[in-house]
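# Examining the three-dimensional arrangement
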Amino acid sequence: QVQLAESGGGLVQAGGSLRLSCAASGHTFNDYAMGWFRQAPGKEREFVAAVNWNGDRTYYSDSVEGRFTCSRDNANNLVYLQMNNLKPEDTAVYYCAAHYSSPWAPFREEDYAYWGQGTQVTVSS
């Protein structure tokens, strides 16, 4: 098993930036593909971004493509979500998640067995 803990959320004005971090512990980190999801009030949780095991492939939802960057540091068991040009509609609780073994569909929430507690991101207009 792997334990996940997000950090880096907060309040930011539209157009600003935040970097979320997710620290993993409990298992060999580079055995896991990692994803970021978010859930806004009154809405279902949705895919945001993902990175494969060694970090050489990333995936993004259309709504964040070009503004967000997902990366990982396997030496330190960390995955990041750099969020630039934030918009009020990015306001949500952001979760990191881990997927172990194949096959893997980065966009599919059901493929992730392990989840963090989430961190709140609020973007004011």
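Our subject is the structure listed above.
Presented here is a report on the structure given in the accompanying data block. (Residues numbered from 1 in each chain as written. Predicted model: local features only at pLDDT ≥ 70, side-chain atom pairs only at ≥ 80, totals over all residues. Heavy atoms only, no water.)

### Structural notes on the overall build of the protein chain
Scanning the protein chain from N- to C-terminus turns up zero helices and 11 strands. Secondary structure elements of the protein chain, listed N to C terminal, follow the sequence β-β-β-β-β-β-β-β-β-β-β. Taken over C-alpha atoms, the radius of gyration comes to 13 Å for the protein chain, in line with the 14 Å a tight globule of 125 residues would show. Dimensions of the protein chain, computed from C-alpha atoms along their principal axes, come out at roughly 40 × 25 × 25 Å. By the burial criterion, 44% of the 125 residues in the protein chain qualify as buried. Pairs at least 24 residues apart make up 59% of the contacts formed inside the protein chain by residues separated by at least 6 positions. Surface accessibility of the protein chain: about 6,300 Å² in total, with carbon and sulfur atoms responsible for 44%. (Helix = DSSP H or I, 4+ residues; strand = E, 2+ residues; numbered from the N terminus. Rg over C-alpha atoms; globule rule 2.2 N^0.38 Å. Buried < 20%, exposed > 50% of the residue type's maximum accessible area, 1.4 Å probe, protein only. Contact = heavy atoms within 4.5 Å. Areas by Shrake-Rupley, 256 points an atom, 1.4 Å probe, with all protein chains shown as cover.)

### Focus on the pattern of salt bridges
This structure, assessed with the given rule, holds five salt bridges. Salt-bridge contacts for Arg38 lead to Glu46; the nearest nitrogen and oxygen are separated by 2.7 Å. The salt bridge involving Asp90 is made with Arg38; its shortest N-O contact spans 2.9 Å. Linking Asp90 in the loop between strand E8 (78-83) and strand E9 (92-100) with Arg38 in strand E4 (residues 32-39), this pair joins segments that are 52 residues apart in sequence. (Salt bridge = Lys/Arg side-chain N within 4 Å of Asp/Glu carboxyl O.)

### With respect to the pairing of strand E5 (residues 46-51)
In terms of residue burial, E5 counts as a mostly covered element, since five of its six residues are buried. Judged from the five bridges that link them, E4 and E5 form a sheet pairing that is antiparallel. When the sheet's bridge partners are listed, Met34 is paired in E5 with Val51. Where E4 folds back on E5, the antiparallel hairpin that results is connected by six residues, among which Gly42 adopts a positive phi of roughly 75 degrees. In terms of strand pairing, E5 meets strand E6 (residues 58-60) through three bridges, oriented antiparallel. Looking across to E6, one finds that Ala49 is bridged to Tyr60. Once E5 ends, the chain turns through six residues before running back antiparallel as E6, passing Gly55 with a positive phi of about 85 degrees. (Pairing = 2+ DSSP bridges.)

### Considerations on the nonpolar core
Met34, Trp36, Leu81, Met83 and Tyr94 are the most contacted members of the largest nonpolar core, which totals 29 residues. Put simply, the parts of the chain that give this core at least two residues each are strand E3 (18-25), E4, E5, strand E7 (68-73), E8, E9 and strand E11 (119-124). If we ignore the near neighbours within four places in the chain, the residues touching Met34 are Leu4, Cys22, Phe29, Ala49, Ala50, Val51, Arg72, Val79, Ala97, Ala98, Trp104 and Tyr112. Counting residues in hydrophobic clusters, the runner-up holds seven residues, among them Ala33, Phe47, Trp104 and Tyr112. (Core = buried A, V, L, I, M, F, W, Y, C linked by side-chain atoms within 4.5 Å.)

### A short note on the side chain of Ser21
As for its position among the elements, Ser21 is in strand E3. Excluding residues within four positions of it along the chain, Ser21 makes contact with Ala5, Glu6, Ser7, Trp36, Val79 and Tyr80.

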